[in-house]
Amino acid sequence: MSFDTLTFDTDAMLAGLKRWIECESPTFDVAAVNRMMDLVAADLAAVGASVTRIPGPPGLGDCVRGDFPHPRRGEPGILVMSHLDTVHPVGTLKALPFRREGTRCYGPGILDMKGGAYAGLQAIVALAKAGIETPLPVSVLYTSDEEIGSPGTRELIMHHAGQHRYILVPEPGRPGNGVVTGRYAIARFNLLAEGRPSHAGSRLKDGRSAINMMARQLIAIEEMTGDDCTFSVGVISGGQWVNCVPTTCRAEALSMAKRQSDLDRGVERMLALSTENPDGTRFTITRGVTRPVWEPDAGTLKLFELARGIAGELGWELEHGSAGGGSDANFTGAAGIPSLDGLGLLGAGYHTLEEHIEVDSLAQRTRLMAGLLARLSA
């Protein structure tokens, strides 16, 4: 069949997506994430999916799995994998309201990645409405902590992914209307500076400022950035009283590399910065969440070739490549499960107050996803 014949009402799709965008769901706000999971669980049930609510890890929101009716349900099939947490705090809608302006539509998390997650669901719904049965059973998995590296859901992701033949991930599409067939390696680090307290007014010289220590280390860390590996610090907090020399200061850092060996060397360089000084002050770096490098193998490239053929039928040339920034496909792809990422919408500005999608990509990318679901077989 020609997937160009599948009909999508863009206005109706935007109206449905609006509900998801206006249900703000920053990772660390458990109640907000769970409200989003309530919404998606209801939408899944409304289109006939069997819904499983999976309690979240400590301090994080729940996850939701949906399994769609199929004669071969229970056999390995296709898992459409998305996250519904965002980096935008509750209240961001005041500065970044859901709105359409010409060819763009704006909103917190609309590109990364609620728009793609919504499109993935609509692809499944469109095939069902058209009476097209997919060769393989289809499931969806919505997780709650991808924006912080998936520390609480990695095992869950791999458990569910291991039950399927193929993984489709509707993260934002590559610029130029492409998809993602690999991801760079990423490591996170926790930084702790421990100083010595004193009264900042009367005994300043007796103290050793943890903030001062951290500031010097942050400059050194970011100056380690090179062509092979990048280093950046994105979170910092320290001190409690301005009239006290601060005893502790904490920060979080991120390192990214195209090759696993480069990241491994970067990790060694970071951990080597830990030190204990004669005056009792300390600077300690511990390794946090790591996403392994994902390089395209034969299974992933075969998935891409199928996608490229479908895109050609729909009238455009589909490109592919590796991308910076992590996704949960780092885990599945690196484990050898054929995975295709970047199937989501086109746009720009994610993680900022300019986050938007290109409206035309909503129907275009949903058709591409529908084509994959309808063509993938054992």
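The notes below deal with the structure included here.

1. Considerations on the overall build of the protein
And then number 1: Counting its secondary structure elements, the protein contains nine helices and 17 strands.
And then number 2: Compactness check: the protein gives a C-alpha radius of gyration of 23 Å against a globular reference of 21 Å for 378 residues, within 12% of the reference.
And then number 3: Projected onto its principal axes, the C-alpha positions of the protein cover 80 × 45 × 40 Å.
And then number 4: Across the 378 residues that make up the protein, the buried fraction comes to 53%.
And then number 5: Within the protein, counting contacts between residues at least 6 apart in sequence, those at least 24 apart form 78% of the total.
And then number 6: Approximately 16,200 Å² of the protein is accessible, and the part contributed by carbon and sulfur atoms is 52%.
And then number 7: Side-chain charges in the protein split into 36 positive and 44 negative, and the spacing between the mean points of these groups amounts to 3 Å.

2. A short note on the sheet that holds strand β17 (residues 356-358)
And then number 1: Sheet architecture is open: four strands sit in the order β4-β5-β17-β16, paired in antiparallel fashion. Edge strands, defined here as strands with exactly one partner in the open sheet, are β4 (99-101) and β16 (347-348).
And then number 2: Relative to the sheet, helix α3 (residues 110-129) contacts β5 (104-106), β16 and β17, its axis offset from that of β17 by approximately 50°.

3. Some thoughts on the pattern of salt bridges
And then number 1: The final tally for this structure, using the stated rule, is 20 salt bridges.
And then number 2: The partner of glutamate 358 in a salt bridge is arginine 104, and the shortest N-O contact between them spans 3.7 Å. Taken together, the positions of glutamate 358 in strand β17 and arginine 104 in strand β5 put the pair 254 residues apart, joining distant regions of the chain.
And then number 3: For glutamate 358, a relative accessible area of 26% puts it in the partly exposed group.
And then number 4: For glutamate 276, the salt bridge is made with arginine 282, and the minimal N-O distance between the two is 3.8 Å.
And then number 5: Taking relative accessible area as the criterion, arginine 282 reaches 30% and is therefore assigned partly exposed.
And then number 6: One continuous salt-bridge network, built from bridges that share partners, spans Asp38, Arg53 and Asp62.

4. Let's talk about unusual backbone geometry
And then number 1: The omega torsion across aspartate 112 and methionine 113 is -15°, close enough to zero to call that bond cis.
And then number 2: Backbone geometry places histidine 351, a non-glycine residue, at a positive phi of 75°.
And then number 3: Here histidine 351 shows up in the loop between β16 and β17.
And then number 4: What makes histidine 351 partly exposed here is its relative accessible area of 41%.

5. Quick notes on the packing of helix α1 (residues 10-21) against α3
And then number 1: One can describe the packing of α1 onto α3 by two numbers: an axis separation of 10 Å at closest approach and a directional angle of 125°. By the criterion of interaxial angle, the relationship of α1 to α3 is oblique. Along this stretch, α1 crosses α3, giving a crossing that reads as right-handed. Between α1 and α3, the contacting residues are Ala12, Met13, Gly16, Leu17, Trp20 and Ile21 on the first element and Ile110, Lys114, Gly115, Ala117, Tyr118, Leu121 and Gln122 on the second.
And then number 2: A class-by-class count of the residues in the contact of α1 with α3 yields nine nonpolar, three polar and one charged.

6. Side note on the state of the cysteines
And then number 1: Considering all chains together, one arrives at zero disulfides under this definition.
And then number 2: Residue cysteine 244 stays outside any disulfide, its sulfur separated by 15 Å from that of cysteine 249, the closest cysteine.

Rules used in this analysis
- Residues numbered from 1 in each chain as written.
- Predicted model: local features only at pLDDT ≥ 70, side-chain atom pairs only at ≥ 80, totals over all residues.
- Heavy atoms only, no water.
- Helix = DSSP H or I, 4+ residues; strand = E, 2+ residues; numbered from the N terminus.
- Rg over C-alpha atoms; globule rule 2.2 N^0.38 Å.
- Buried < 20%, exposed > 50% of the residue type's maximum accessible area, 1.4 Å probe, protein only.
- Contact = heavy atoms within 4.5 Å.
- Areas by Shrake-Rupley, 256 points an atom, 1.4 Å probe, with all protein chains shown as cover.
- Lys, Arg positive; Asp, Glu negative; His and termini not counted.
- Charge placed at Lys NZ, Arg CZ, Asp CG, Glu CD.
- Pairing = 2+ DSSP bridges.
- Axes fitted to C-alpha atoms, helices over the stretch in contact; angles between N-to-C directions.
- Salt bridge = Lys/Arg side-chain N within 4 Å of Asp/Glu carboxyl O.
- Parallel < 35°, antiparallel > 145°, perpendicular 65-115°, else oblique.
- Left-handed = near helix turned anticlockwise from the far one by under 90°.
- Nonpolar A, V, L, I, M, F, W, Y, C, P; charged D, E, K, R; others polar.
- Disulfide = S-S within 2.5 Å.

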